Amino acid sequence: MGIKTLAVYSEADVQSLHVQLADEAICIGGNKSADSYLRADRIISAAEIADVDAIHPGYGFLSENPKFAEQCESCNIKFIGPKSKSIKMMGDKAVAKDTVKKAGVPIVPGSDGPVESESDAVKIARKIGYPVIIKAVAGGGGRGMRIAHNDVSFAKEYHVARGEAEKAFGNGAVYIEKYIEKPRHIEFQILADSHGKVLHLGERDCSVQRRHQKLIEESPSPFLTPDLRKKMGKAAIKAAEAAEYENAGTIEFLVDAKGNYYFIEMNTRIQVEHPVTEEVTGIDLIKQQIHVANGDKLDFDQGDVKFEKHAIECRINAEDPARNFAPSPGTIGLYYAPGGHGVRVDSHAYSGYTIPPYYDSMIGKLICYGSTRKVALERAYRALSEYLIRGIKTTIPLHRAIMADPVFIEGKATTAYMEDFLGRTATDLFS
Ligand code: MV4
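If you check the shell around the ligand, you find 17 residues, and the closest are K135, E177, K178, I180 and Q209. Between E265 and the ligand, the recorded distance is 3.3 Å, taken from a side-chain N or O atom to a nitrogen atom. Relative to its unbound accessible area of 530 Å², the ligand is 88% covered by the protein chains. Among the secondary structure elements, those contributing two or more residues to the shell around the ligand are β5 (132-136), β7 (174-178), β13 (247-255) and β14 (261-267). Residues belonging to the shell around the ligand are distributed by class as follows: seven nonpolar, five polar and five charged. In terms of domain composition, the shell around the ligand takes at least three residues from each of domain 2 (109-178) and domain 3 (184-430).

With that settled, consider empty space enclosed by the protein. Counted by the stated rule, this structure contains three cavities of 30 Å³ or more. Approximately 70 Å³ is the volume attributed to the largest cavity. Lining the largest cavity are D205, S207, V208, I216, E218, P222, R373, F408, G411, K412 and A413. Across the lining of the largest cavity, the residue classes tally to five nonpolar, two polar and four charged. Approximately 50 Å³ is the volume attributed to the second largest cavity. In terms of lining, the second largest cavity is formed by 15 residues, of which the most central are I80, T268, R269, I270 and Q289. Tallied by class, residues from the lining of the second largest cavity come to seven nonpolar, seven polar and one charged. Each of domain 1 (6-87) and domain 3 (184-430) contributes no fewer than three residues to the lining of the second largest cavity.

The three strands lie next to each other as β6-β5-β7, forming an open sheet whose pairing is antiparallel. For this open sheet the edge positions go to β6 (146-148) and β7, each flanked by a neighbour on one side alone. Strand-to-strand, the axes of this sheet are offset by a mean angle of 30°, without reference to chain direction. Taken together, the five bridges between β5 and β7 define a ladder with antiparallel strand orientation. Its bridge partner lying in β7, A136 is registered against V174.

Okay, the pattern of salt bridges next. Oppositely charged side chains can form a pair if their charged atoms are brought close together. The full count for this structure, using the stated rule, is 30 salt bridges. Where D151 meets R126, a salt bridge forms, and the shortest distance between an N and an O atom there is 2.6 Å. Taken together, the residues span a long stretch of sequence, with D151 in helix α7 (residues 151-169) and R126 in helix α6 (residues 118-128) at a distance of 25 residues. You can call R126 exposed: its relative accessible area is 53%. R204 is the partner of E187 in a salt bridge, and the nearest nitrogen-oxygen pair spans 2.9 Å. Pair noted here: E187 is in strand β8 (residues 184-192) and R204 is in strand β9 (residues 198-205), with a separation of 17 residues, a long-range link. Each member of the pair, E187 as well as R204, is classed as buried. Look at the salt bridges and you will find they share partners, linking E187, R204, K214, E217, E273 and R315 into a network.

Reading the values: the criteria
Residues numbered from 1 in each chain as written. Predicted model: local features only at pLDDT ≥ 70, side-chain atom pairs only at ≥ 80, totals over all residues. Heavy atoms only, no water. Near = heavy atom within 4 Å. Polar contact = N/O pair within 3.5 Å; in protein donor to acceptor, adjacent residues only side chain to side chain. Areas by Shrake-Rupley, 256 points an atom, 1.4 Å probe, with all protein chains shown as cover. Helix = DSSP H or I, 4+ residues; strand = E, 2+ residues; numbered from the N terminus. Nonpolar A, V, L, I, M, F, W, Y, C, P; charged D, E, K, R; others polar. Domains from an automatic or database assignment. 1 Å grid on protein atoms, 1.4 Å probe; cavity = no way out; pocket = protein on both sides within 12 Å on 5 of 7 lines; lining within 4 Å. Points joined across faces, edges and corners; volume = space filled by probe spheres on them. Pairing = 2+ DSSP bridges. Axes fitted to C-alpha atoms, helices over the stretch in contact; angles between N-to-C directions. Salt bridge = Lys/Arg side-chain N within 4 Å of Asp/Glu carboxyl O. Buried < 20%, exposed > 50% of the residue type's maximum accessible area, 1.4 Å probe, protein only.

Take a look at the structure:
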């Protein structure tokens, strides 16, 4: 787009590829996130010094922080994301549910907003019927959730959930939902401009996850029928409209075995797995984010969005699956990324790079795509075999085993898949 880039980085990230590839780079502080990537004041100072027009917040850190979005705007720096108001609205998960419900989007049956007291809560749980799930209003992404199967466990889990929510988010408010057993986790990509046009770019099936960390995402979902996709896409657009949304965002649904779908939350940022949608649709999501933030109109309509490919992403983490996914930071010896037709690697790593221990363990994303799911999976298996990262443990061998697993190949994976797979697979396959 001819736009110059300024990267900010912490002392731990001097070696990182983005620092070397950007036109300019400014160090904003020490190793700990709290001393660098979470310091809005320092990021804005760097932006002022370099006289930038806009800030892309990426994912994580301050990307869904309504105060940071507001601070950018008040300093006349465009925040490349939604309005602060939309971030705030969707950040309160009970408000988010209520907002989309009023727009006619199906939500999981549960309490009407946060529960007020233990006696109220248990009445609601009984009325919904066990099992129920207790979720933090300020949570999201699986943090601070507890499941209860009867009155006795409910009393306990209710207090644990409140305590955890207070500790983690400084807000102990919780709400209750019917617990959906072994759902699929399917999310829709939204793109919305500042002129009221809201489009969906199809779904991503993110059911393969472990402890709320996604491992594999693919599109289209092997579970959805054309009819269900159409209905859910329309619901996703309604949800985004209710949030007065602009920029790129994601509407998350749980889908049960019968094909009932329920909105659970919205992510008001670009997500790790966005390349899957880029390869299926041919639309550059980051470029569109910049256009939308600039006030440009989206120059295509829903009917122009074509879903022509199947794409799958494997998250490559510096972790040892044979040792309960313990982090494996350290220096990479040889690094060789696969390529060829239908293969994309997004990574900041290279031969000789030292992975710092301070941040999350994802060091790369392998995205493989082709005309059918079979082709995409075969390419993924081949590319994983050619992805060489020496000196540390990674999730590459685990992904190869999954690409060869009949249950996964048949498209039968729900959110219960990983636990089952790890329970029936020898971990010596993973080293
Ligand atoms: C649920 C659910 C079942 N029923 N909500 C996990 C991620 C977060 N965005 C919402 N999540 C879930 N919400 C209802 N009403 C199941 C999950 C869920 C899950 C829950 C417990 C343990 C593992 C899980 C894995 C994926 C999804």
